[in-house]
Amino acid sequence: NAGVTQTPKFRVLKTGQSMTLLCAQDMNHEYMYWYRQDPGMGLRLIHYSVGEGTTAKGEVPDGYNVSRLKKQNFLLGLESAAPSQTSVYFCASSNGLAGGQETQYFGPGTRLLVL
Amino acid sequence: RKEVEQDPGPFNVPEGATVAFNCTYSNSASQSFFWYRQDCRKEPKLLMSVYSSGNEDGRFTAQLNRASQYISLLIRDSKLSDSATYLCVATGYSTLTFGKGTMLLVSP
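Here the structure is a predicted model, which means the values were calculated and not measured.

Caption draft 1: Representation of the environment of B:Leu73 within the structure. Residues and elements named next belong to chain B. Tracing the chain through its elements places Leu 73 in strand E8 (residues 70–75). A relative accessible area of 1% places Leu 73 in the buried class. When the C-alpha positions of Leu 73 and Lys 42 are compared, they lie 21 Å apart, and in sequence the two are 31 residues distant. With residues near it in sequence (within four places) discarded, Leu 73 still touches Val 19, Ala 20, Phe 21, Trp 35, Leu 47, Met 48, Phe 60, Thr 61 and Tyr 86.

Caption draft 2: Spotlight on the side chain of A:His47. Residues and elements named next belong to chain A. As for its position among the elements, His 47 is in strand E5 (residues 42–51). Assessed through its relative accessible area of 7%, His 47 is described here as buried. Within polar-contact distance, the side chain of His 47 engages the backbone oxygen of Ala 56 at 3.3 Å. The residues touching His 47, leaving out its near neighbours within four places in the chain, are Tyr 33, Trp 34, Ala 56, Lys 57, Gly 58, Pro 61, Tyr 64, Asn 65, Val 66 and Phe 74.

Caption draft 3: Representation of the nonpolar core in the model. B:Phe21, B:Trp35, B:Ile71, B:Leu73, B:Ile75, B:Tyr86 and B:Leu104 are the most contacted members of the largest nonpolar core, which totals 23 residues. Looking at this core, the elements that each hand over two or more residues are strand E3 (19–25), strand E4 (33–38), strand E5 (45–50), strand E7 (60–65), E8, strand E9 (84–91) and strand E11 (102–107) of chain B. Aside from chain neighbours lying at most four places away, what touches B:Ile71 is B:Phe21, B:Asn22, B:Cys23, B:Tyr25, B:Phe33, B:Trp35, B:Val50, B:Gln63, B:Leu64, B:Cys88 and B:Val89. Judged by nonpolar contacts, the second largest core, of 18 residues, contains A:Leu21, A:Leu76, A:Ala81 and A:Leu112.

Caption draft 4: Region of the structure containing the sheet that holds E7(B). Residues and elements named next belong to chain B. Judged by pairing direction, the sheet is antiparallel, and its five strands sit side by side in the order E1-E3-E8-E7-E6 without closing on themselves. The sheet is open, and its two edges are formed by strand E1 (4–6) and strand E6 (55–57), each paired on a single side. Along the sheet, successive strands turn relative to each other by an average axial angle of 20°, direction set aside. Where E1 and E3 come together, three bridges link them in antiparallel fashion. Directly across from Glu 5, in E3, lies its bridge partner Thr 24.

Caption draft 5: Broad picture of the pattern of salt bridges. Residue and element names in this part refer to chain A. Counted according to the given criterion, the structure contains seven salt bridges over all chains. Glu 30 serves as the salt-bridge partner of Lys 71, at 2.9 Å between the closest nitrogen and oxygen. Of this pair, Lys 71 sits in the loop between strand E7 (65–67) and strand E8 (73–78) while Glu 30 sits in the loop between strand E3 (19–25) and strand E4 (31–38), and the two are 41 residues apart along the sequence. With a relative accessible area of 30%, Glu 30 lands in the partly exposed category. The salt bridge involving Arg 36 is made with Asp 38; its shortest N-O contact spans 2.9 Å. Of the residues examined, Arg 36 reaches a relative accessible area of 8% and is grouped as buried. Overlapping salt bridges bring together Arg 36, Asp 38 and Arg 44 as one network.

Caption draft 6: Representation of the pairing of strand E9 (residues 87–94) of chain A in the model. Residues and elements named next belong to chain A. For E9, a buried count of eight out of eight residues is recorded, marking the element as mostly surrounded by other parts of the structure. Here E9 shows a buried face lined by Ser 87, Tyr 89, Cys 91 and Ser 93 and a second buried face lined by Val 88, Phe 90, Ala 92 and Ser 94. Judged from the two bridges that link them, E9 and strand E10 (residues 105–106) form a sheet pairing that is antiparallel. Directly across from Ala 92, in E10, lies its bridge partner Phe 106.

Rules of the game
- Residues numbered from 1 in each chain as written.
- Chains lettered and ligands numbered in written order.
- Predicted model: local features only at pLDDT ≥ 70, side-chain atom pairs only at ≥ 80, totals over all residues.
- Heavy atoms only, no water.
- Helix = DSSP H or I, 4+ residues; strand = E, 2+ residues; numbered from the N terminus.
- Buried < 20%, exposed > 50% of the residue type's maximum accessible area, 1.4 Å probe, protein only.
- Contact = heavy atoms within 4.5 Å.
- Polar contact = N/O pair within 3.5 Å; in protein donor to acceptor, adjacent residues only side chain to side chain.
- Core = buried A, V, L, I, M, F, W, Y, C linked by side-chain atoms within 4.5 Å.
- Pairing = 2+ DSSP bridges.
- Axes fitted to C-alpha atoms, helices over the stretch in contact; angles between N-to-C directions.
- Salt bridge = Lys/Arg side-chain N within 4 Å of Asp/Glu carboxyl O.

No statement about biological role is implied by the geometric values presented.
What follows is the structure, given as structure tokens:
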């Protein structure tokens, strides 16, 4: 049982390039989340999903897109990377039994540097 | 106003000390509360849930005061391994709201 895994662990992009971050969970969780964490800003929610095929915007969704085609996977896309998107990205999941008001389990993070 | 506010610290304490963190939340509709721990360059991990009646897990005690909308975490007999950032969390609609964290540094 690996829990929540993220791919890649680290990436360097040039401004304008695109990339996709992959999150996978093997806990059969309904809810999945993408956060970014910047110094002095704490964790900020980008997008989340309450089930396969559904997504919703969080606090800072601009510049990102997501997809949840399979229950176990949640993809975060950057269509045209900007230096402001340099951050550490965390994926999380929860079972959804309390409608999102339950414990979240986090992946190890992806460190993204946009030059 | 931030939805969950914490003193960023750092709190510098010697081994064996007792240290307390407080956090306030603004959403009176929040139903569940948690403390997470985050080590440097690692992911947040659940430390403990916070119940209305208060709860204890070994050296850690969490309290909730709904009337004043604050949550506390007490750590007794601090260990070097307790050095980390502690995140206060309140629930929103389908999501959790994280505070920015309080850094604790325990020294020998």
